[in-house]
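# Remarks on the overall topology
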Amino acid sequence: LDNGENRAKIVGAGAIPPLVELVTDGTAGEKEVAASALAHLAVDKSDVKVAIAERGAIPPLVNLLKFGTNAAKAAAAGALASLSSNTTDHGADSVRAQIWKAGAIQPLIDNLVTTPSLSLRLCWPSIIATRVKAAEALGHLASHNDRHIKTEIALRGASGPLVCLLNGDEASKS
């Protein structure tokens, strides 16, 4: 999926609807893989971002970010980061607004501050990936002119966990 031409062929072949279906109703593993595929398809393509959003992918991605496995949370955060990334047309702004309206801000922040138990530390690479992708998505969402999104990010306390992440500290909700 690294090649833009290949991504266009995959989208043209109708891949988005079954991927959204898998993110919504698949097994834990299928949800993870489908979210990752959607993240890769959405890279730098506003029309694909809009198509993914119009097919209803954002609410199940937010749900996966809340309740998925560590690896699935990383994939969902990555998909939301790709969907919110810095393309500047109206369609991309609409997708960012849908992400905000789907309630993604708090789960993104929550995934910045997750402190795993000792048994979960085996999943540390997935947890770190989730944190990085959650921070990336919040950055994309905040980098545009929608003051409502910026205000919610600030009011929900994202700045402390983001600074901790940048400093390499264990994030906390203090």
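I will try to describe carefully the structure that is included in this document. Because the structure is a prediction, the values reported are computed rather than measured. Think of each chain on its own: its residues are numbered from 1, step by step along the sequence as written. Confidence filtering applies because this is a predicted model: local features only for residues at pLDDT of at least 70, side-chain atom pairs given and counted only at 80 or more, and all residues used for totals across whole chains, interfaces and linings. As a rule here, side-chain values cover all heavy atoms of the structure and leave hydrogens and water aside.

## Notes on the overall build of the protein chain
Secondary structure elements are taken from DSSP: a helix is a run of H or I of four residues or more, a strand is a run of E of two residues or more, and numbering for both begins at the N terminus. Regarding its fold elements, the protein chain presents eleven helices and zero strands. Counting from the amino terminus, the protein chain carries its helices and strands in the arrangement α-α-α-α-α-α-α-α-α-α-α. Burial classification: accessible surface area is computed with a 1.4 Å probe over protein chains only, and a residue below 20% of its type maximum counts as buried, one above 50% as exposed, and the rest as partly exposed. Within the protein chain, the proportion of its 174 residues that are buried is 43%. Residue contacts are defined here by distance: any two heavy atoms, one from each residue, within 4.5 Å place the two residues in contact. Counting only contacts in the protein chain whose residues sit at least 6 apart along the sequence, the fraction spanning at least 24 positions is 67%.

## Observations regarding the layout of surface pockets
Put simply, the grid is 1 Å and covers the protein atoms alone, a cavity is a trapped set of points that fit a 1.4 Å probe, a pocket is an open set with protein on both sides within 12 Å along at least five of seven lines, and lining residues have an atom within 4 Å of a point. Grid points are joined across faces, edges and corners, and a volume is the space filled by probe spheres set on the points. Empty space within the largest pocket amounts to approximately 200 Å³. Every residue lining the largest pocket is counted, 13 residues in all, and those nearest its centre are Ala39, Val43, Gly78, Ser82 and Lys133. Of all the secondary-structure elements, those providing two or more residues to the lining of the largest pocket are helix H3 (28-41), helix H6 (70-83) and helix H9 (124-142). All amino acids are sorted into three groups, where Ala, Val, Leu, Ile, Met, Phe, Trp, Tyr, Cys and Pro are nonpolar, Asp, Glu, Lys and Arg are charged, and the leftover types, Gly among them, are polar. Looking at the lining of the largest pocket, its residues break down into five nonpolar, five polar and three charged.

## Regarding the environment of His144
Mapped onto the secondary structure, His144 falls in the loop between H9 and helix H10 (147-155). The buried category is assigned to His144, whose relative accessible area is 14%. For the pair His144 and Arg96, spaced 48 residues apart in sequence, the C-alpha separation works out to 9.0 Å.

## Remarks on the nonpolar core
Buried Ala, Val, Leu, Ile, Met, Phe, Trp, Tyr and Cys residues form a nonpolar core when they are joined through side-chain atoms within 4.5 Å. Core analysis: the biggest nonpolar cluster contains 45 residues, and Leu61, Leu80 and Leu108 have the highest contact counts within it. For this core, the element with the most residues is H6, which contributes eight residues. When near neighbours in sequence (up to four residues on either side) are disregarded, Leu108 contacts Leu65, Leu80, Ala134, Ala137, Leu138 and Leu141.

## Notes on the packing of helix H5 (residues 58-67) against H6
Each packed pair of helices is defined by two parameters, the angle between the axes and the distance between the axes. At a closest axis distance of 8 Å, the pairing of H5 and H6 adopts a crossing angle of 140°. Between H5 and H6, the angle falls in the class oblique. The two elements H5 and H6 cross, and the hand of that crossing is left-handed. In contact with Ile58, Leu61, Val62, Leu64, Leu65, Lys66 and Phe67 of H5, H6 contributes Ala72, Lys73, Ala76, Ala77, Ala79, Leu80 and Leu83. Here the residues of the contact of H5 with H6 sort into twelve nonpolar, no polar and two charged. Note on method: axes are straight lines fitted to C-alpha atoms, helices fitted across the in-contact stretch only, with angles between N-to-C directions ranging 0 to 180 degrees. Throughout this description, any angle smaller than 35 degrees is read as roughly parallel, any larger than 145 degrees as roughly antiparallel, any in the 65 to 115 degree range as roughly perpendicular, and the remainder as oblique. We call a crossing left-handed when the near helix sits turned anticlockwise from the far one by less than a right angle, and right-handed when that turn is clockwise.

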